[in-house]
Structure formats: C-alpha cells, structure tokens
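# Inside the fold
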Amino acid sequence: MRIKVVILDLDMTLWNHPDVSSMVPPFKRVGNMKIVDSEGNLLVLNDCVPDLLRILKKNGYFLAIASWNYPENALKMLELLDIKEFFDLIVIEPHPMKEKMIKNILEYFGVSQEEAVFIDDNPRIVERVRRNLPRLKTVLVGEDISDVCEIKDILGI
Ligand SMILES: [Mg+2]
C-alpha cells in the first residue's frame, strides 16, 4: 500500500540536540540552521531537512511529528527554524510511548499502519513501536539509514 504519512522524531533525527526540553530559553537563531539557548547550548538542524520537507510536501505526503518532549521548547525551535509550517500534525508529549502518539496520528489522517512510515533514532522506541504496530513501516536512524534525508530513497522520490 502506498505511503501517505511520514512521521518524524525531532531530537537526534531532525536536529543534532539529544533533548530540546533541557534547553533554557530565551532562544536565539544564530545562523540559518542554528539556535543557541541562554546558556550557550547549541541546536543545529540537519542541513538537508528543509529541502527534504519541501520535497515530501511537493510529492503529496502528509507530515507529522511524534516527539517525546515537553511541547514548549520543541514548538519554539520549529518556529525559529522556519519549518513548523511543513507539518500537518505535531504531536509532542512528555513520555516515550510513541506507539500511542502514532495511533492517534494514524487516526487523525484516517490511514492504516501500512500507509505510514515512522523515522526515529532511538532503538528502544523503534522496537516498542514495531511490537505494537507491526504493519507500520519503521526506520531506525543510525541503523536502517544514517541520515534522515535518506528516507527519500526509501520512498523512491
Ligand atoms: Mg530522537
């Protein structure tokens, strides 16, 4: 079945920071893809991501986020990096049970497991999602692909 929804993790998948919730506002954009917090901690967006999101949208995919974070910092980063508007649905919750977030995302778009792909760098999370949603396509960053932008190859675009 054709993939319709691409579900993306944030920390260590779209950007290089392991825990955006730990960053301390206020945040400042210091480059095209870089945000610094009030303590000098840096978050860098993977530089292929804006093009990736543009290409996915152009090819008709719905884009969603499933992120284990408190929403406030993560949403602010998406705004500051100018990528928030690419996403059709943003789910950011402070627990690691992404299978629950993904079930809600599938329901929101009215699609089956076979019609979505989930991309995340955390092996434990991906394993649990695979157990709970066995027909969902899952991609582990760092193992199945080395960089999130390689999902273009997986999707054949
Ligand atoms: Mg992650």
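Residues numbered from 1 in each chain as written. Predicted model: local features only at pLDDT ≥ 70, side-chain atom pairs only at ≥ 80, totals over all residues.

What follows concerns the overall build of the protein. On a plain count of helices and strands, the protein comes out with 5 helices and 8 strands. Going from N to C terminus, the protein has its helices and strands arranged as β-β-β-β-α-β-α-β-α-β-α-β-α. Rg of the C-alpha trace for the protein: 15 Å, near the compact-globule value of 15 Å for 157 residues, within the 12% margin. Its C-alpha atoms put the protein at 45 × 30 × 30 Å along the principal axes. Put simply, the protein has 157 residues, and 34% of those count as buried. Pairs at least 24 apart in sequence give 62% of the contacts found in the protein among residues at least 6 apart. (Helix = DSSP H or I, 4+ residues; strand = E, 2+ residues; numbered from the N terminus. Rg over C-alpha atoms; globule rule 2.2 N^0.38 Å. Buried ≥ 20, exposed ≤ 12 C-beta atoms within 10 Å, placed from the backbone. Contact = placed C-beta atoms within 7 Å.)

On to the pairing of strand β1 (residues 5-8). Here is the key point about a regular strand: its side chains alternate between the two faces of the sheet. Here β1 shows two buried faces, one formed by Val-5 and Ile-7 and the other by Val-6 and Leu-8. In the sheet, β1 pairs with strand β5 (residues 62-68) via 4 bridges, with the strands oriented parallel. Paired with Leu-8 across the two strands is Ile-65, which belongs to β5. (Pairing = 2+ DSSP bridges.)

The strand order across the open sheet built from 3 strands is β2-β3-β4, with neighbouring strands paired in antiparallel fashion. Taken across any chain shown, the strands that pair with only one partner, and hence form the sheet edges, are β2 (28-29) and β4 (42-44). Of the strand pairs in this sheet, β2 and strand β3 (residues 34-36) are connected by 2 bridges, and their pairing is antiparallel. Across the sheet, residue Lys-28 finds its bridge partner in β3, namely Val-36.

Before going further, it helps to spend a moment on the nonpolar core. Core analysis: the largest hydrophobic core is formed by 40 residues, its most contacted members being Val-5, Ile-7, Ala-66, Ile-102 and Phe-118. Breaking this core down by element, the ones donating at least two residues are β1, α1 (49-58), β5, α2 (71-80), α3 (98-109), β7 (116-120) and α4 (123-132). Those residues in contact with Ala-66, other than ones at most four positions away along the chain, are Ile-7, Asp-9, Val-91, Lys-98, Met-101, Ile-102, Ile-105 and Phe-118. (Core = buried A, V, L, I, M, F, W, Y, C linked by C-beta atoms within 7 Å.)

A separate point is the sheet that holds β5. Taken together, the 5 strands give an open sheet; going across it, the order is β6-β5-β1-β7-β8, and neighbouring strands pair in parallel fashion. Both edges of this open sheet fall to β6 (89-93) and β8 (137-140), since each of them pairs with a single strand only. Neighbour-to-neighbour, the strand axes of the sheet open up by a mean angle of 15°, direction not taken into account. Strand direction decides the pairing type here: β1 and β7, joined by 4 bridges, are parallel. Bridge pairing links Val-5 to Ala-116 in β7. Against the sheet, α3 engages β1, β5, β6 and β7, with an angle of about 160° to β5. (Axes fitted to C-alpha atoms, helices over the stretch in contact; angles between N-to-C directions.)

Here we come to α1. Restricting attention to buried positions, one finds in α1 the residues Val-49, Leu-52 and Leu-53. Down the axis of α1, the sector holding all buried residues measures 95°, keeping them to one side. Residues of α1 that are exposed and angled more than 90 degrees away from the buried face: Asp-51, Arg-54 and Lys-58. Each element contacted by the buried residues of α1 is listed here: β5 and α5 (151-155). (Arc of directions from axis to C-beta.)

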